[in-house]
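A look at the structure
One-letter residues, chain by chain:
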Amino acid sequence: MKSWIESANNPQCHFPIQNLPFGVAILPNGKQNCVSAIGDYVVDLAVLEAAGLITSHNSQSVFNQSALNDFMQSGAKAWDDVRASLTTLLRKAGSTSLSANDTLKQQVLIPLDDVTLMMPFKVSEYTDFYSGKQHATNVGTMFRGPENALPPNWLHIPIGYNGRASTVVVSGTPIIRPSGQTKSPDADQPTFGPCKRLDIELEMGAVVGIPSKMGHPISVQQADDMIFGYVLLNDWSARDIQAWEYQPLGPFQAKAFATSISPWIITKAALEQFRTTTPQREKPLLKYLQEPKPMSYDIELTVSIQPDKSNTPTTISHTNYNNLYYSAAQQLAHHASSGCKMNTGDLLGSGTISGTEKSGFGSLLEISWGGQEPLTLDGGQTRTFIEDGDTLTLSGWAQGDGYKIGFGECTGTILPAIKISGE
Ligand code: MN
């Protein structure tokens, strides 16, 4: 299928007509509306809704808002109907109600370069999982030795912790280097100061669209039905702070300072034909975690780093989402299994997605093997962890036949730490 918007038909474009992601943008007219993307343009969904060309079946507008939560909460029929209407309006098939109306076209299609992409939804709560087996094995090997690399529960439970929604930010937001309490192994006392081992975690985020009820567990299939879509997610991590604080309750300040997500939510519908199975189970899962059908996706993922004043990003990792041992649907089913209520706008981080080779590791901790093996960037600089001024960028896409379902980018530049005033 092609679009009458020619830039969408370039095989390298992240936003062909098969994608139709959802986001939020500040438009040249000053409004902040829900938008989609096609080729080099955003699509102002509020204008299409007001013109009666798309509907979420709500009595009030859901698209002239600064977050997608109301649309997400409208349910699967609304998601499907809006996608079908957008496809009809944007596909190349004679003239459409949009392509034939120059006035409307001018209002609806705005060059991507002329808008500012914002947080696509209000994050209700953020939970981060640890479902990459290679990542858990690598980190466990470094911290506890190869015999005890995977904790005894790991092959039975998608392990996670409750993170902070308050510091989930959209791609492009600068990240201030965190400070915290650390203690080096040979020191007697801990000290407080800027993080010295600042890292990324290459993850994907699942966005919950439909809520569950408190006290009511859900099946993996119900969980999959509740998921609205997926984003790229960088779970910035302060490894030195984490190493000192993490026992016995897990990461706290080491991960609370920032989490970046990409501005476009890629829908389950766009990813449907890229569904694939999670890896072979090494131990049978309890029934409530078993998948009734393939619940993972074939999505290529990359990480690049670009030092301050350099023009060349260096790709430091290339891996695939399908490495994850537990799918987002399994994570969500497990999250609700106690009766925990899940809300519209909940964000589930997948856990770091590392491939089996060093070229596919999803964190600098693993790539530099705890800082022992510096990597050399194009241009000659070396890195173990992130330095001030470095820009880290995640990208991702599912490769179709002649098109990509792209996620765009999730990027962030590190700024120097800020001292507590008075010190
Ligand atoms: Mn993480």
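Conventions adopted
Residues numbered from 1 in each chain as written. Predicted model: local features only at pLDDT ≥ 70, side-chain atom pairs only at ≥ 80, totals over all residues. Heavy atoms only, no water. Patch = residues over 30% accessible without salt bridge, like charges linked within 9 Å, V, L, I, M, F, W, Y side chains within 5 Å. Areas by Shrake-Rupley, 256 points an atom, 1.4 Å probe, with all protein chains shown as cover. Salt bridge = Lys/Arg side-chain N within 4 Å of Asp/Glu carboxyl O. Helix = DSSP H or I, 4+ residues; strand = E, 2+ residues; numbered from the N terminus. Core = buried A, V, L, I, M, F, W, Y, C linked by side-chain atoms within 4.5 Å. Buried < 20%, exposed > 50% of the residue type's maximum accessible area, 1.4 Å probe, protein only. Donors = N, O, S within 2.8 Å, 3.2 Å for Na, K, Ca; no water. Pairing = 2+ DSSP bridges.

This brings us to a nonpolar patch on the surface. Where nonpolar side chains cluster on the molecular surface, the patch consists of Ile176, Leu415 and Ile418 and spans about 260 Å² of accessible area. Assignment of secondary structure puts Leu415 in strand E26 (residues 404–415).

Counting residues in hydrophobic clusters, the biggest one holds 70 residues, and the most contacted among them are Met204, Tyr230, Trp236, Leu271, Tyr321 and Leu332. With five residues, the single largest contributor to this core is helix H10 (residues 328–336). The next biggest cluster of nonpolar side chains, apart from the first, holds 39 residues, and it includes Leu45, Trp79, Val82 and Leu98.

Bound to the manganese ion are the protein donor atoms Asp128 (OD), Glu201 (OE), Glu203 (OE) and Asp235 (OD), situated 2.1 Å from the metal. Positions of the donor residues of the manganese ion along the chain correspond to the pattern D-x72-E-x1-E-x31-D. With Asp128 in strand E6 (residues 126–129) and Glu201 in the loop between strand E12 (198–199) and strand E13 (202–208), the pair connects residues that are 73 residues apart, well separated along the chain. Accessibility assignment for this pair places Asp128 and Glu201 in one class, buried.

Attention now goes to the sheet that holds strand E20 (residues 300–306). Spatially, five strands are ordered E9-E26-E25-E20-E21 in an open sheet, and the strand pairing comes out mixed. Edge strands, defined here as strands with exactly one partner in the open sheet, are strand E9 (175–176) and strand E21 (314–320). Sheet analysis places E20 next to strand E25 (residues 391–399), joined by seven bridges and oriented antiparallel. By the bridge assignment for E25, Ile305 is matched with Leu392.

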